[in-house]
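Chains, contacts and geometry: an overview
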Amino acid sequence: MADQTVHLALPYLAPSQAQKHVTYNEALRRLDGLVQLAVEAASATTPPGAPAEGARYLLGASPTGAWAGQAGALAVFADGSWWFATPEVGWLAYDKATETVLVLKAAGWTGV
């Protein structure tokens, strides 16, 4: 059996696992970052100096700093650090900067 869900990479609880609350809280943190996706900006390449808790960005082709090596990922700032998710074709996101809805197609993010 896999240790996480296929699409959102939510961690499963193991039957004999100690400290199940840690895994459960990780799953809640991921859901909070991925569901009802509204991002500060799309194609972002430089992390903000003082990101707000819960800030989300769709990363561009050549991100730098704390985002280096995460091209095309979704960056989420939670609990004082960045975590990343790989968006799948079909995901929708609202871009707050341009006030547009985006859909991820095979060719990349595009306006709906």
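Further up the page is the structure itself.
Residues numbered from 1 in each chain as written. Predicted model: local features only at pLDDT ≥ 70, side-chain atom pairs only at ≥ 80, totals over all residues. Heavy atoms only, no water.

1. Details of the overall build of the protein chain
Within the protein chain, the regular secondary structure consists of 1 helix and 8 strands. Secondary structure elements of the protein chain, listed N to C terminal, follow the sequence α-β-β-β-β-β-β-β-β. Contacts in the protein chain between residues at least 24 apart in sequence constitute 28% of all its contacts with a sequence separation of at least 6. Total accessible area on the protein chain stands at roughly 6700 Å², and carbon and sulfur atoms take up 56% of it. (Helix = DSSP H or I, 4+ residues; strand = E, 2+ residues; numbered from the N terminus. Contact = heavy atoms within 4.5 Å. Areas by Shrake-Rupley, 256 points an atom, 1.4 Å probe, with all protein chains shown as cover.)

2. Section: the pairing of strand S7 (residues 100-105)
One ladder, built from 4 bridges, connects strand S6 (residues 92-95) with S7; its direction is antiparallel. When the bridges of S7 are listed, Tyr-94 appears paired with Val-101. Here S6 folds back onto S7 in antiparallel fashion, the turn holding 4 residues, of which Glu-99 has a positive phi close to 55°. Direction of pairing for S7 relative to strand S8 (residues 108-111): antiparallel, over a ladder of 4 bridges. Counted as the bridge partner of Leu-102 is Gly-111 from S8. Count of turn residues in the S7/S8 antiparallel hairpin: 2 residues. (Pairing = 2+ DSSP bridges.)

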